[in-house]
Amino acid sequence: MSPDKIATAAKLDILSHVGLFSGLKDIPEALAALSNIMKQEEFSAGKALLTEGEVGADFYILISGQVSVYKKTTESDLYKVAILTDKMTPGLGEAGLIEAEPRSATILCDNQCQFLVLNRESFGKFCDQHPVWAIPILKKIAVQLITRLGQSSRDVLLLHKALMNEIRG
Amino acid sequence: MKNPLLTALVFIVIVWFSTSFVVYYYEAAAKDHNIGSIEDAIWWGIVTLLTVGYGDKYPVTTEGRFYAGILMVSGVCGIAIVTAKVSSFFLERALRERRGFVDSNTLKNHFVICGWKEGMLNFLIHLLDSNPNIKDTDLVLVNAAPDNEIDKLHDIPRLKNVRVIRGDHFMEVNLRRCAPERAVKVLILADATPGPNGQKPTITEADARTIMTAMALNTMARGVPLTAEIIDSSMDQYLRLAHVNEIIYSREVSRLLLASATGGVGIANVYHELLSPQHSSFVGTKAIPKQFLGKKYSDLSAHFAANITDQTLIGILENAGNSHAAKDAALKRAQQTPNVAELVKNLQSVKALKFNNPIFNPEKDRVIEEGALAIVIEQRKEADSVAG
């Protein structure tokens, strides 16, 4: 598919709104360098962008359309967690930029969607060429991971307490 | 050999031929013999063996007569065994048919009723009256009631095809014979069959039988809807442990009926009318159309008032039906959240769920959850009451 290319200026504007790149929003050269290594892709409704449990290496920024985020229960029932629209310019699958880890959720396109796609390899090259610009991005990812880890610890504690209460009766 | 009939037949044939040959050996050598050939000897053998005794051939030597005696005695015994086996086979089959012998391999989608109580025959007729979709061929009873009671049951034309498994229903062996895992429903009655000492069971004994049966069925036929009658309502916790879906408190119901009839005017008549299949209106549960799940009770009552003329909505039955299935469904719903705090809360609420929980005239904005049924007062159609 060959989506209509969006103007470079518009592309930079979008990138400056992406949470992951917020540390670079005042450095137009950095955003320009990023936009050069990002491909534009288009998918039709129903396409699974990420699949929970499957390994992926791409980071997506939704620039038009709408996607839904799903998770699986322990009994493999799929349920909807959130709906994301292009207005939020959400970044999807940033963990894939660092390491080939299984995805933590499934994301399906609800309609015709356009994305800016960054893959791990190009991002690695970008980091090698511009380490100064890479630091704010990696920091952002680290902060996200710390937040998530904190939440996980609290969840484990909660489950622990619930289990204790259950056993105590 | 396994088959005694075949054993007896083989024995007879061996004795017949061997004696015939021995007798021929001695007779043929005698001076004025009349058994002169093998054919003569075998013919004489069968005539003697079957105690026919034409007398056209007979042994004349001492040895021949001695062996003839052996043949006669073993013939009488052998024929007696064969006759007894054949007649008992036919007798047994006739008896089994009379008593409703059940081949458990063929049972499927049947309705099992465990135990026997006074007024059982009337109860069965009422059961068929109130549930037009149940036929007498669907009913399988398991009980140790006296034979003459079962004969009475089969003498009633409407109950002629009810099948009966003989034996105590609280014994696992007898329960297995009614194939409860393939049944649509199992009902355990407060059993009043006299015990081995000939005395009627006490209330505690009857309830203990019900609880034992429920526990056995819970492991044997997990997921099949189980209804149990209990006399002493304080024992119901054991039935809940055995995942009984519906508990019938028969003593408490009649006591409450008496008590409320004393208070209000005519209330006993109201209850009787609502329960009795002979009357035109009765209480029942109906499935709620899918589009009302998650909506408010007031939406459902508006739907009933506007569209359904022969049913009046009086409440909802929450988490209805089989508690295994309802629990599984509730668990599935409870897990559908990424938030662990919410997940824990949901799972705890599943644990506290009350199954088959009736709510009469609920507040208008009560949300109708999945698994609920509508409680209605239904007008029986003319055609149905004639058929019943």
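Rules used in this analysis
- Residues numbered from 1 in each chain as written.
- Chains lettered and ligands numbered in written order.
- Predicted model: local features only at pLDDT ≥ 70, side-chain atom pairs only at ≥ 80, totals over all residues.
- Helix = DSSP H or I, 4+ residues; strand = E, 2+ residues; numbered from the N terminus.
- Contact = placed C-beta atoms within 7 Å.
- Buried ≥ 20, exposed ≤ 12 C-beta atoms within 10 Å, placed from the backbone.
- Nonpolar A, V, L, I, M, F, W, Y, C, P; charged D, E, K, R; others polar.
- Pairing = 2+ DSSP bridges.
- Core = buried A, V, L, I, M, F, W, Y, C linked by C-beta atoms within 7 Å.
- Axes fitted to C-alpha atoms, helices over the stretch in contact; angles between N-to-C directions.
- Parallel < 35°, antiparallel > 145°, perpendicular 65-115°, else oblique.
- Left-handed = near helix turned anticlockwise from the far one by under 90°.
- Arc of directions from axis to C-beta.
- pLDDT = per-residue confidence, 0-100.

> So what exactly am I meant to see when it comes to the overall build of chain A here?
Secondary structure summary: chain A contains 4 helices and 8 strands in total. In chain A, the succession of helices and strands from N to C terminus is α-α-β-β-β-β-β-β-β-β-α-α. Taking the intrachain contacts of chain A between residues at least 6 apart in sequence as the baseline, contacts between residues at least 24 apart amount to 75%.

> It is not clear to me how the overall build of chain B should be interpreted in this structure. Could you clarify?
For chain B, the helix and strand inventory stands at 14 helices and 10 strands. Burial statistics for chain B: of 388 residues in total, 26% are counted as buried.

> For this particular structure, what's the right way to read the interface of chain A and chain B?
Note on interface size: it is often stated as the accessible area lost on association of the parts. Listed per partner, the contact involves 11 residues of chain A and 7 residues of chain B. Broken down by secondary-structure element, the contributors of at least two residues to the side of chain A that touches chain B are β5 (78–85) and α4 (131–168) of chain A. Counting residues per element, the side of chain A that touches chain B draws most heavily on α4 of chain A, which supplies 4 residues. Across the side of chain A that touches chain B, the residue classes break down as 5 nonpolar, 2 polar and 4 charged.

> Explanation requested: the pairing of strand β8 (residues 113–119) of chain A in the structure shown.
Two faces make up the sheet, and in a regular strand the side chains alternate between them. Residue and element names in this part refer to chain A. Where strand β1 (residues 39–43) lies against β8, 5 bridges are found, and the strand directions are antiparallel. Bridge pairing in β8 places Lys-39 opposite Val-117. As paired elements, strand β3 (residues 58–64) and β8 share 6 bridges and run antiparallel to each other. Residue pairing across strands places Leu-62 opposite Phe-115, the latter belonging to β8.

> So what exactly am I meant to see when it comes to the nonpolar core here?
For soluble globular proteins, nonpolar side chains are generally found buried alongside one another. Among the nonpolar cores identified, the biggest contains 38 residues, and Val-112, Cys-114, Val-140, Leu-141, Cys-178, Val-186 and Ala-214 of chain B are the most heavily contacted of them. Elements with a contribution of two residues or more to this core: β1 (111–114), β2 (139–143), α5 (147–155), β3 (163–166), β4 (185–188), α7 (203–220) and β5 (226–230) of chain B. Ranked by the residues each element gives to this core, the list is headed by α7 of chain B, at 5 residues. Beyond its immediate stretch of four places on either side in the chain, Val-112 of chain B contacts Val-140, Val-142, Cys-178, Pro-180, Ala-183, Val-186 and Leu-187 of chain B. If you look at the next biggest cluster of nonpolar residues, it comprises 31 residues, including Ile-14, Leu-15, Leu-34 and Leu-118 of chain A.

> Would you take a moment to explain the sheet that holds strand β4 (residues 66–72) of chain A for this structure?
Backbone hydrogen bonds are what pair the strands of a sheet, in a parallel or an antiparallel way. Residue and element names in this part refer to chain A. If you trace the 4 strands from one edge of the open sheet to the other, you get β2-β7-β4-β5, paired in antiparallel fashion. A single partner strand is all that each edge strand has here, and the edge strands are β2 (48–50) and β5. Neighbouring strand axes in the sheet, compared pairwise and without regard to direction, differ in orientation by 30° on average. Two elements, β2 and strand β7 (residues 106–109), share 2 bridges in a ladder whose sense is antiparallel. Of the residues in β7, the one forming a bridge with Leu-50 is Ile-107.

> Explain the packing of helix α1 (residues 8–17) of chain A against helix α2 (residues 28–37) of chain A here, please?
Two quantities define a packed helix pair, namely the angle between the axes and the distance from one axis to the other. Residue and element names in this part refer to chain A. In the contact formed by α1 and α2, the axes pass within 10 Å of each other and the chain directions differ by 105°. As summarised for this structure, α1 and α2 are arranged roughly perpendicular, according to the angle between their axes. On α2, the residues that touch Thr-8, Lys-11, Leu-12, Leu-15 and Ser-16 of α1 are Pro-28, Leu-31, Ala-32, Leu-34 and Ser-35.

> What is the right way to look at the packing of helix α1 (residues 4–29) of chain B against helix α2 (residues 38–49) of chain B in this model?
All names here are of chain B. Put simply, α1 and α2 touch, their axes get as near as 8 Å, and they point 135° apart. Viewed along their axes, α1 and α2 adopt a mutual orientation that is oblique. In this structure, the crossing between α1 and α2 has a hand that is right-handed. Facing α1, whose interface residues are Ile-12, Trp-16, Thr-19, Ser-20, Phe-21, Val-23 and Tyr-24, α2 presents Ile-38, Ala-41, Ile-42, Gly-45, Ile-46 and Leu-49. Considered class by class, the residues forming the contact of α1 with α2 number 10 nonpolar, 3 polar and no charged.

> Even after reading the chapter, I still don't get α1 of chain A, so can you show me in this structure?
Since the α-helix advances by 3.6 residues per turn, residues separated by three or four positions end up pointing in the same direction. Residues and elements named next belong to chain A. Here α1 has its buried residues at Lys-11, Ile-14 and Leu-15. Taken around the axis of α1, the buried residues stretch over an arc of 100°, which confines them to a single face. Every exposed residue of α1 that faces more than 90 degrees away from the buried side is listed here: Ala-9 and Ala-10. As for α1, its buried residues are in contact with α2 and β3.

> Can you walk me through unusual backbone geometry in this structure?
A negative phi holds for most residues other than glycine; trans holds for most peptide bonds. Positive phi, close to 65°, is recorded for Ser-76 of chain A, a residue that is not glycine. For Ser-76 of chain A, the location among the structural elements is in the loop between β4 and β5. Of note in the backbone geometry, Ala-179 of chain B takes a positive phi value of approximately 45° without being a glycine. Residue class for Ala-179 of chain B comes out buried when judged on the 21 C-beta atoms lying within 10 Å of it.

> Explain the sheet that holds β4 of chain B to me, please; I cannot follow it from the model alone.
Residues and elements named next belong to chain B. In spatial order, the strands read β3-β2-β1-β4-β5-β6; together these 6 strands make up an open sheet with parallel pairing. Each end of this open sheet is capped by a strand with a single partner; those strands are β3 and β6 (246–249). Direction aside, neighbouring strands of the sheet carry axes that sit 15° apart on average. Relative to β6, β5 runs parallel, the two being bridged by 4 bridges. Residue pairing for β6: Thr-227 is matched across the bridge by Glu-246. The strands that α7 touches are β1, β4 and β5; relative to β5, the one it contacts most, it runs at about 165°. Relative to β6, helix α9 (residues 250–263) is tilted by about 55°, and along the sheet it contacts β5 and β6.

> Help me out: how do you make sense of the confidence of the model for chain B in this one?
Where the model shows low pLDDT, its predicted coordinates should not be examined in detail. Mean pLDDT over chain B works out to 84, with 94% of the residues at or above the 70 mark. Note that pLDDT drops below 50 for residues 383–388 of chain B; the model gives that stretch 7 contacts with residues more than four away or on any other chain.

> I'm lost on the environment of Glu-369 of chain B in this one. Help?
Residue and element names in this part refer to chain B. Tracing the chain through its elements places Glu-369 in the loop between β9 (357–360) and β10 (373–379). Given 15 C-beta atoms within a 10 Å radius, Glu-369 is considered partly exposed. Once the C-alpha coordinates of Glu-369 and Glu-318 are considered, the two residues, 51 residues apart in sequence, prove to be 7.4 Å apart.

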